[in-house]
Amino acid sequence: MSSLKRLIISPYPDVINFNIPLVVEEIETLRQLEIEAPKAIPVAYAGDAGFMRPKGPDPQTDLRLEMDGILPPKLKTVVLRGRGFKQVANNILNGIQSPLLHLVLQNTSITSLPNNFFKSYGNLRNLTLDFTQNNDNLIKIPNPSTGRVPYLPDQVFLMDLRLGNQQLTCDCGLGWVEYWSRKKRQYMCNSISWSSDVFEIFSTSHPLDPRPTSREICENENGLREAECSNKGSQSLIE
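Here the structure is a predicted model, which is why all the values come from computation and not from measurement.

What am I meant to see in the state of the cysteines here?
Simply put, the disulfide is a covalent bond whose two ends are the sulfur atoms of two cysteines. What the rule picks out here adds up to one disulfide. Linked covalently through their sulfurs, C170 and C229 form a disulfide whose S-S length is 2.0 Å. Disulfide C170-C229: the torsion about the S-S bond is -85 degrees, which places it as left-handed. Taken together, the positions of C170 in the loop between β9 (167-168) and α2 (176-189) and C229 in strand β10 (residues 228-229) put the pair 59 residues apart, joining distant regions of the chain. The pair C170 / C229 is uniform in exposure class, with both members buried.

Encoded structure:
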């Protein structure tokens, strides 16, 4: 277990006090945690494993209890996967110790993230979000940045946002995306940028797996233009 870098796990709502941070607390090498939505498990009739009770509905969880605790210090990627995830609690990132985090949603039924979902970061400084893979119900994303520029002490700056062809509800709750996009280009994407050297120094000190360059992050800007506003005639989220 000491060399494990990637773990795929599913919560067990029927198990009392099932807690993922407790499961992984001694895996100091863990860098990627993939959490799959729980599914109902068929149960054999007593004495005859050949006859199974029909599965009931999939159990539901928002991971509030399952993710309550401190996560390993090298963990930099968290993936939530599965249609069984319809909502997530606002505390599931509280245990992150790394200054860098890559959060991925894959094939979920989540419609929105809590308004204070990104408020309790711990040591987190740089954040990337990837919601490109079949999150068709996702319509609301709160502003994750607490810093107006990258690398401020005790502040978080969103380094990259990937939405794919999401259909979003474009209202004042998403107005931050265009403002953030301008700030990102200003501080990270200029050919001569005050942050270019700082970015490389910071990335070397706290490497991602794999580590993106500022050029790679800026080239992903076109991905935002694939996202559309469902309430505005499918116009692009940003111009």
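On we go from here.
Looking at this structure, how should I read the nonpolar core?
Grouped burial of nonpolar side chains is what soluble globular proteins tend to show. Formed by 56 residues in total, the largest nonpolar core has its most connected members in L33, I35, L80, I92, L161, L163 and L237. At the level of secondary structure, the elements contributing two or more residues to this core comprise β1 (6-9), α1 (20-24), β2 (32-36), β5 (77-81), β6 (100-106), β7 (126-133), β8 (157-162) and α2. What I35 contacts, discounting residues up to four positions off in sequence, is I9, P11, I20, L63, M67, V79, L80, R81 and F85.

Calculation criteria
Residues numbered from 1 in each chain as written. Predicted model: local features only at pLDDT ≥ 70, side-chain atom pairs only at ≥ 80, totals over all residues. Heavy atoms only, no water. Disulfide = S-S within 2.5 Å. Helix = DSSP H or I, 4+ residues; strand = E, 2+ residues; numbered from the N terminus. Buried < 20%, exposed > 50% of the residue type's maximum accessible area, 1.4 Å probe, protein only. Core = buried A, V, L, I, M, F, W, Y, C linked by side-chain atoms within 4.5 Å. Contact = heavy atoms within 4.5 Å.

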